[in-house]
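Chain by chain, the residues run as shown.
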Amino acid sequence: MEFLVDIKKKLYGFQLDVKLQSKEEVIGILGASGSGKSMLLRCIAGLVKPDQGQIIINGKTFFDSEKRINLSMGERKVGFLFQNYALFPNMSIEENIAFGLDKLSKIEIKNRVSALMEKYHLGDIGKRYPSQISGGQQQRVALARAVAVEPDILLLDEPFSALDVHLRNHMMREMAELLKDFQGMTLFVTHNREEAYRLSDYIAVFNTGKVEIYGQKDDIFKWPASLETAKITGCKNIVAATRLSENRLYVPQWDISLATEKKITAASGYLGIRANQVKLVDKQEGQQQNSFLVWIADESDGPFRTSLYLKIGCCPNSRDDFHIQCEISREERNRLDNLCEPFVIYINPEYVFFVVH
């Protein structure tokens, strides 16, 4: 499968200006709310007409402004899973899945719906209505309806936003399995970095209507290429820094220098360190590079992990007087009760990244 989108569309406050080409089967579109992610899906589906450009899916031109091509949604063979599922409340589950199959014979429709009911674990709810089934079942019905037309591309618009945390985790596992069987391409829109990471192998980061970066998910999370990418992928520690040498940075706000594994080419920018990569170590290990004395300014407990807000070099004056955030297990936090401040942190040069903007 091959995917090419090169379009522009004037929106309120900014312009959607997307250039994206890929042969990957599942692409995550990750960005903040209002960044144009859902509008991209609507342009691909044919619900919204771009101002200019082209959309080509698997060799088929959906839209081309120069050639005056603009296929209808029915002609495009697109499966669309809307954020609120958009099931027809006056239709049964079977009728919802069959919607869009009017070109098939009655026996073909019955067989296809039956097969999808079984594939998506919908049991005997075919005669019920959307209001009579759970949120997880509604999502599976919406997905079955989306793939019933055997689309070339499947568009998923924030499919887990309406679910509670427990059901969301369960449905993410189910969705990952179901997508393995889908023969076409999938575009998955979300503002949740965990969802993007778990369901996609490749991710496009959106920022005010543009693709900030596109690449393999592990590379994007380990080595963000921009400030916005670092923020949207959840980096807690981002601070202005300057280049001392090709493998060393100086952080004026913290008054420390750090070694980096990656070479630094720009004179100034921002240093990033993920909270889970800030490691508490024994004081004997504090002689190695990128090791610093720290004091706890504040902390925040979760059910299984604790976030520490640490000041480097001296005791903090208040709870807000901290430099860096560190995330550790609750067991590791409990062990600190038997030790005296200051503690020692170590930051592996491999996990120090640097972005220019």
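The structure under discussion appears in the preceding block.
Read on for an overview of the structure. (Residues numbered from 1 in each chain as written. Predicted model: local features only at pLDDT ≥ 70, side-chain atom pairs only at ≥ 80, totals over all residues. Heavy atoms only, no water.)

**Here's the deal with the nonpolar core**
Judged by nonpolar contacts, the single largest core of 34 residues is most densely connected at Ile-97, Tyr-120, Leu-143, Leu-154, Leu-156, Phe-160 and Met-175. At the level of elements, α3 (93–98), α4 (106–119), α5 (135–148), β8 (153–157) and α6 (165–181) are the ones that each hand at least two residues to this core. Counting residues per element, this core draws most heavily on α5, which supplies seven residues. For Phe-160, the residues in contact, after removing those within four places along its chain, are Gln-139, Arg-168, Met-171, Met-172, Met-175, Phe-188, Glu-195 and Leu-199. Formed by 30 residues, the second largest nonpolar core is a distinct cluster that contains Val-5, Leu-41, Phe-63 and Ala-204. (Core = buried A, V, L, I, M, F, W, Y, C linked by side-chain atoms within 4.5 Å. Buried < 20%, exposed > 50% of the residue type's maximum accessible area, 1.4 Å probe, protein only. Helix = DSSP H or I, 4+ residues; strand = E, 2+ residues; numbered from the N terminus. Contact = heavy atoms within 4.5 Å.)

**Describing the pattern of salt bridges**
Counting across every chain of the model gives 11 salt bridges. Here Asp-51 makes a salt bridge to Lys-9, at a shortest N to O gap of 3.7 Å. You can see Asp-51 sitting in the loop between α1 (37–45) and β4 (52–57) and its partner Lys-9 sitting in strand β1 (residues 3–10), a full 42 residues away along the chain. Among the residues examined, Lys-9 registers a relative accessible area of 18% and is labelled buried. (Salt bridge = Lys/Arg side-chain N within 4 Å of Asp/Glu carboxyl O.)

**A closer look at the sheet that holds strand β2 (residues 15–22)**
A sheet is described by the order of its strands in space; here five strands give the open sequence β2-β1-β4-β5-β6, paired in antiparallel fashion. Each of the sheet's edge strands pairs with one partner strand only, and the pair in question is β2 and β6 (69–70). Inspection of the sheet shows β1 paired to β4 by six bridges, in the antiparallel sense. The residue of β4 that forms the bridge with Ile-7 is Gly-53. In this fold α1 packs onto β1, β2, β4 and β5 (60–64), with an angle of close to 110° to the strand it touches most, β1. (Pairing = 2+ DSSP bridges. Axes fitted to C-alpha atoms, helices over the stretch in contact; angles between N-to-C directions.)

**What to know about unusual backbone geometry**
Among all residues save glycine, negative phi is the norm, and among peptide bonds the norm is trans. With an omega of 5°, the peptide bond between Glu-341 and Pro-342 qualifies as cis. The topology assignment puts Pro-342 in the loop between α10 (330–336) and β20 (343–347). The backbone of Glu-158 sits at a positive phi, close to 45°, despite the residue not being glycine. Secondary-structure assignment places Glu-158 in the loop between β8 and α6. For Asn-290, which is not glycine, the phi torsion reads 65° and is therefore positive.

**Side note on the state of the cysteines**
Inspection of the entire model under this criterion finds zero disulfides. In this structure Cys-315 is not part of a disulfide, and its nearest cysteine sulfur, from Cys-314, lies 7.5 Å away. The class of Cys-315 is partly exposed, set by a relative accessible area of 47%. Cys-340 carries a free sulfur, and the closest cysteine sulfur to it, the one in Cys-315, is 13 Å from it. (Disulfide = S-S within 2.5 Å.)

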